[in-house]
Amino acid sequence: MDEDLYLLQRMMTMVVSETCLMRRMSDDVAEPVLDALHLVRRVRAGLDEIEAELVVEARARRVTWRRLAEAFGVGGRAAAERRARRLVLRTGG
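Small disclaimer: the values here were computed from a predicted structure and weren't measured.

So, how was this worked out
- Residues numbered from 1 in each chain as written.
- Predicted model: local features only at pLDDT ≥ 70, side-chain atom pairs only at ≥ 80, totals over all residues.
- Heavy atoms only, no water.
- Axes fitted to C-alpha atoms, helices over the stretch in contact; angles between N-to-C directions.
- Helix = DSSP H or I, 4+ residues; strand = E, 2+ residues; numbered from the N terminus.
- Parallel < 35°, antiparallel > 145°, perpendicular 65-115°, else oblique.
- Contact = heavy atoms within 4.5 Å.
- Nonpolar A, V, L, I, M, F, W, Y, C, P; charged D, E, K, R; others polar.
- Patch = residues over 30% accessible without salt bridge, like charges linked within 9 Å, V, L, I, M, F, W, Y side chains within 5 Å.
- Areas by Shrake-Rupley, 256 points an atom, 1.4 Å probe, with all protein chains shown as cover.
- Salt bridge = Lys/Arg side-chain N within 4 Å of Asp/Glu carboxyl O.

Enquirer: Go over the packing of helix α3 (residues 65-72) against helix α4 (residues 77-91) with me, naming the residues and quoting the values.
Expert: Closest axis-to-axis distance for the α3/α4 pair is 8 Å, and the angle between their directions is 75 degrees. Here α3 lies roughly perpendicular to α4, going by the angle between them. Contacts from W65, L68, A69 and F72 of α3 reach α4 at R77, A80, E81, R83, A84 and L87. Tallied by class, the residues present in the contact of α3 with α4 amount to seven nonpolar, no polar and three charged.

See the structure below:
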């Protein structure tokens, strides 16, 4: 997991660096940071959709809420169900 986070951080650093280089001539020095924040929002939305689909698939395969709670890293069944509900609301699924 730490390797995945490191890879994501490296990817984001590269995107920000490239954005900064492209905008070097721009008068708006905040623009690269705002572009990166927009990218983070889009990535997060994409990950939410993937996570929601995985929950649906796990439940279709009869994975218990307790096991999903472990995968989510939350305290128990109720917390896992709440998280799944929030994912569905955020993704419109």
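Enquirer: How would you sum up a nonpolar patch on the surface? Please name residues and give values.
Expert: Taken together, the side chains of L8, V43, L47, I50 and L54 define a hydrophobic patch exposed on the protein surface, amounting to about 430 Å² of accessible area. It is helix α2 (residues 31-60) that provides the largest number of residues to the nonpolar patch, a total of four residues. Tracing the backbone through its elements, the reader meets L8 in helix α1 (residues 2-22).

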